[in-house]
Amino acid sequence: MPRWPENSRRRLADAALERFAENGYAATTVEDIAEAAGVTSRTFFRYFIDKEEVLFGDADELLPLLLSTIAATVGPERGEAILQRALGALAVAVAPRRDALRRRQRIIDSHISLSGRDLVKQARWQKAVTAALIERGFAVEHSEVLASIGFALFRRSLHAWLEDDAGPTLADRVRESVDRVGTVLATRSEH
């Protein structure tokens, strides 16, 4: 039998979102989160280094999916196809947690320190994706651009999807964004 309850990590993340939404991020303590999840503060710190990290823990679980999807095929492949497949897999993986992602994003948007932490996580992911693309045979400068474009497209698609319940799925939004990127790059300004 484990020393702490099964699924403690998920329960802590869910409890944190609830407490942050009810009491505000600043007013919520690690002890509040742990109590709501039915564990101790010590158990909280087995999974997360601080209360900020509880909002970003899923990211570490999703990065391996993204990297393995990039590495999945053998042989030459266009950057567009790799972005479609990798970002599509990420979209499918996060889609079931839409409500939690929406609450999470509201909390992040309400605190500058959390927005900064989000950008740091994204920068780490982008570096890992760039390395995976280099491993696939893309030049360094192309890998950096592909990773940057991929993150911008996914972020924009995710935010639009979180705001619009009636619109296309996240996977469809990502697919459309990747399909349109060439057109966007070719457009001219009106001035």
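In short, a report on the structure. Predicted, not measured: the structure shown is a model, and the values here were computed from it. (Residues numbered from 1 in each chain as written. Predicted model: local features only at pLDDT ≥ 70, side-chain atom pairs only at ≥ 80, totals over all residues. Heavy atoms only, no water.)

## What to know about helix α2 (residues 30-37)
Burial in α2 covers these residues: Val30, Ile33, Ala34 and Ala37. Down the axis of α2, the smallest arc covering the buried residues is 95°, so these residues share one side. In this fold, the buried residues of α2 make contact with α1 (8-23) and α3 (41-47). Downstream of α2 by a residue or two, Gly38 has a phi angle that is positive, lying close to 80°. (Buried < 20%, exposed > 50% of the residue type's maximum accessible area, 1.4 Å probe, protein only. Helix = DSSP H or I, 4+ residues; strand = E, 2+ residues; numbered from the N terminus. Arc of directions from axis to C-beta. Contact = heavy atoms within 4.5 Å.)

## Some points on the environment of Arg104
Here Arg104 shows up in helix α6 (residues 98-109). You can call Arg104 buried: its relative accessible area is 16%. The spacing of Arg104 and Ala13 is 91 residues in sequence and 10.0 Å in space, taken between C-alpha atoms. In this view, Arg104 contacts Leu17, Leu55, Phe56 and Asp118; residues no more than four positions away in its chain are not counted.

## What about the packing of α6 against helix α8 (residues 140-163)?
It is the contact of α6 with α8, at a shortest axis distance of 10 Å, that shows an interaxial angle of 105°. What the angle tells us is that α6 and α8 run roughly perpendicular. Contact residues: α6 offers Arg98, Leu101, Arg102 and Gln105, while α8 offers Leu158, His159, Trp161 and Leu162. (Axes fitted to C-alpha atoms, helices over the stretch in contact; angles between N-to-C directions. Parallel < 35°, antiparallel > 145°, perpendicular 65-115°, else oblique.)

## A short note on the nonpolar core
Grouped together as the largest cluster of nonpolar side chains are 30 residues, with contacts concentrated most on Trp125, Leu133, Phe154 and Leu170. Of all the secondary-structure elements, those providing two or more residues to this core are α4 (57-71), α5 (79-94), α7 (112-135), α8 and α9 (170-186). With 8 residues, the top contributor of residues to this core is α8. Beyond its immediate chain neighbours, meaning those up to four positions away, Phe154 contacts Leu87, Leu90, Ala91, Val94, Leu170 and Val174. Leu12, Ala13, Phe48 and Ala100 belong to the second-largest nonpolar core, a separate cluster that totals 21 residues. (Core = buried A, V, L, I, M, F, W, Y, C linked by side-chain atoms within 4.5 Å.)

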